[in-house]
Amino acid sequence: MAPSVSDIASNAAEQVSNGLSKLNLKETKQEEKPQDKGPSYPFYYPYFDAAEKFPPTELFEHTDPGLRADPKKPNLLGPNTKVHHISPYLGTEITGVQLSQLNEAGLDELALYTAERKVVVFRDQDFKDIGPDKQIALTKRYGPIQRHPTSGNVKGYPEFHVVYRDAENDRFKEYLGDNRANKTSWHSDVSYERQPPGTTFFFILDQPPVGGDTLFASQVEAYNRLSDGFKKRLEGLRAVHSAVAQAEHSRQRGGPVRREPVESEHPVVRVHPVTGEKALFVNPGFTRRIVGFKDEESEWLLKFLFDHITKGADFSIRAAWQPGTVVIWVRAIPLSLAMRSQAGCNDHTG
C-alpha cells in the first residue's frame, strides 16, 4: 500500500533540522550538530547558591583506616580481582570487584592499597547508580567529607564537589583565563584547608567522546628524586596555602563563598601516616610562599619544586575515564583536572 500524503509529510518533517533538509545538508556538505540532550544524571547537576554558608572548619583527631587493614588484603584483592599497574610509582587499574559490595574489612584494605599505590582506578563500577545517601555512607568511613567553599555541589547534599563543563559552561576556562597556551592546572585540591583532604573518591557520570583524561604525579617519588642535601634543606620548611584567589573569583562572578577564605601553613615535606613515606606538599594551584623566606627566595624555590613535580613525566600517569570508572587517590599527589563533562567527587579530610 502506498504511503499517504500525511505520512510523506510527517517523514519529511522528521528530516528537517534547523530549517534545512538532510538532502540540502549533503549538497552543501554541512554536518548536523549532535543534539545536546543535557546531563545523563541531572540530580548531580552543579548547584550554586550564593546565600549558602558554612561555619569555619574545625580540627579533629583522625586515624587512617589503612592502619587497621590486613596487609594481604583478602577482601579487596580476591581471586576474581584483576590488577594492572600503570606505573612503578603510582597508579593501578582494578577490575573484578565492586566498591559498593565491600565489607568493612575490605574498605579498610582499600585505604591501605590506595596509600601504597597513590591512585587506584576501578572499572565497571555501579557506584554512580547507588544514590547519594549510600555514596556518602561508604565514603564517610575515610573521614569527614570536605564541603567545598565555592564549587558546585548537589542541592541538599553539600558533601559533593561536582566538576562540570559543556559547550555553554566552562568555569575552568573562566577561572584560568583565556590567554593561556597550556590549559592544564596542576594542583592538590583545597590544600589551603587547615586539615586538608586525605582521600578522594571521584566518579564519572558523563564524558566527551575524546579527551577528558586526568594527570596525576607522585609527590613521593618527586621527593625521592631530590639529592640528600636538597632534602635536608627542605626539612622543617613550611609553606602558605591560600584560598583567597579562588574565593574572590567566585565572589566576583556572583557565585557562592560558603566560608570566608583561609590561608594555612603546612610542611613542605610531610609523612604519610600509613606508609611512612615522605612526600612534597606544594602545588602551583594554592601554594603561595615559603614561610620566613624573602620574596625572591620563595619564588625561586617554589618555581623549582613546581617545575620538578609537573615535568616529571616518568613519575606521573594519565588516567583515562570510561563509563563506570571510579578513581580514588591519596593526597601525596597533585593533579590536573582535564575535560571531564560531569563528575562527582567526595574529599575526605584527614
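Residues numbered from 1 in each chain as written. Predicted model: local features only at pLDDT ≥ 70, side-chain atom pairs only at ≥ 80, totals over all residues. Heavy atoms only, no water.

As annotated in an unreviewed UniProt entry, the protein chain is TauD/TfdA-like domain-containing protein from Somion occarium.

Caption draft 1: Representation of the overall build of the protein chain. A tally of helices and strands in the protein chain yields 9 helices and 18 strands. Taken across its 350 residues, the protein chain has 48% of its residues classed as buried. Pairs at least 24 residues apart make up 82% of the contacts formed inside the protein chain by residues separated by at least 6 positions. When the accessible surface of the protein chain is split by element, carbon and sulfur atoms take 51% of a total near 18,100 Å². (Helix = DSSP H or I, 4+ residues; strand = E, 2+ residues; numbered from the N terminus. Buried < 20%, exposed > 50% of the residue type's maximum accessible area, 1.4 Å probe, protein only. Contact = heavy atoms within 4.5 Å. Areas by Shrake-Rupley, 256 points an atom, 1.4 Å probe, with all protein chains shown as cover.)

Caption draft 2: Local environment of helix α4 (residues 132-139). Among the residues of α4, those classed as buried are Pro 132, Gln 135, Ile 136, Leu 138 and Thr 139. Taken end-on, α4 shows its buried residues confined to a sector of 165°, consistent with a single buried face. Of the residues in α4, the exposed ones pointing more than 90 degrees away from the buried face are Asp 133, Lys 134 and Ala 137. (Arc of directions from axis to C-beta.)

Caption draft 3: Expanded view of the packing of aromatic side chains. For the structure shown, the criterion picks out 15 aromatic pairs. Taken together, a centroid distance of 5.3 Å and an interplanar angle of 45° make the contact between Tyr 142 and Phe 201 tilted. Highlighted residues: Tyr 142 in the loop between α4 and β6 (163-164) and Phe 201 in strand β8 (residues 197-206), separated in sequence by 59 residues. Ring centres of Tyr 192 and Phe 286 lie 5.1 Å apart, and the angle between their planes is 85°; on these two criteria the pair is classed as edge-to-face. Of this pair, Tyr 192 sits in the loop between β7 (186-187) and β8 while Phe 286 sits in the loop between β13 (278-280) and β14 (287-290), placing them 94 residues apart in sequence. (Phe/Tyr/Trp six-rings, centres within 6.5 Å; stacked < 30°, edge-to-face > 60°.)

Caption draft 4: Quick peek at the pattern of salt bridges. Applying the stated criterion across every chain, the model contains 18 salt bridges. Linking Arg 123 and Glu 93 is a salt bridge whose minimum nitrogen-to-oxygen distance equals 3.1 Å. A residue pair is termed long-range when its members are at least 10 positions apart, and Arg 123 in the loop between β5 (119-122) and α4 and Glu 93 in strand β4 (residues 92-95) qualify at 30 residues. Of the charged contacts, one joins Arg 289 and Glu 263 as a salt bridge, the two residues approaching to 3.9 Å between their closest N and O atoms. In this pair, Arg 289 sits in strand β14 while Glu 263 sits in strand β11 (residues 263-267), placing the two residues 26 residues apart along the sequence. Classification of Glu 263 by relative accessible area gives partly exposed; the value is 43%. (Salt bridge = Lys/Arg side-chain N within 4 Å of Asp/Glu carboxyl O.)

Caption draft 5: Expanded view of the confidence of the model for the protein chain. With 84% of its residues at a pLDDT of 70 or more, the protein chain shows a mean pLDDT of 87. Low pLDDT (under 50) marks residues 2-29, which in the prediction has 10 contacts with non-local residues, meaning those over four places away or in another chain. When the criterion is pLDDT under 50, residues 334-341 qualifies, and its contacts beyond four places in sequence or with other chains add up to 45 contacts. (pLDDT = per-residue confidence, 0-100.)

Caption draft 6: Examining the sheet that holds β14 more closely. Strand order in the open sheet formed by 3 strands is β11-β10-β14, and the pairing between neighbours is antiparallel. The strands lining the two open edges of the sheet, one partner per strand, are β11 and β14. On average, each strand axis in the sheet is tilted by 30° relative to the strand beside it, whichever way the strands run. Summarising the sheet, strand β10 (residues 238-242) and β11 pair through 5 bridges and their orientation is antiparallel. The residue bridging His 241 from the neighbouring strand is Ser 264, located in β11. (Pairing = 2+ DSSP bridges. Axes fitted to C-alpha atoms, helices over the stretch in contact; angles between N-to-C directions.)

Caption draft 7: Representation of the pairing of β4. Burial of the side chains of β4 is restricted to one face: Thr 92 and Ile 94 are buried, whereas none of Glu 93 and Thr 95 on the reverse face is. One ladder, built from 4 bridges, connects strand β3 (residues 82-85) with β4; its direction is antiparallel. Looking at β4, one finds that Val 83 is bridged to Ile 94. One ladder, built from 3 bridges, connects β4 with β5; its direction is parallel. For Ile 94, the partnering residue across the bridge sits in β5 and is Phe 122. For the segment spanning β4, helix α3 (residues 104-117) and β5, crossover handedness is right-handed. (Right-handed = clockwise from strand over helix to strand, strands pointing away.)

Caption draft 8: Representation of helix α9 (residues 295-310) in the model. The end-to-end C-alpha distance of α9, which contains 16 residues, comes to 22 Å, matching closely the 22 Å that a straight helix rising 1.5 Å per residue would cover. When we look at burial in α9, the residues that qualify are Ser 298, Leu 301, Leu 302, Leu 305, Phe 306, His 308 and Ile 309. One side of α9 holds all its buried residues, which, seen down the axis, span an arc of 160°. In α9, the exposed positions angled more than 90 degrees off the buried face are occupied by Glu 296, Glu 299, Trp 300 and Lys 303. In this fold, the buried residues of α9 make contact with β9 (214-217), α6 (219-224), α7 (228-234), β13 and β14. (Expected span 1.5 Å × (residues − 1).)

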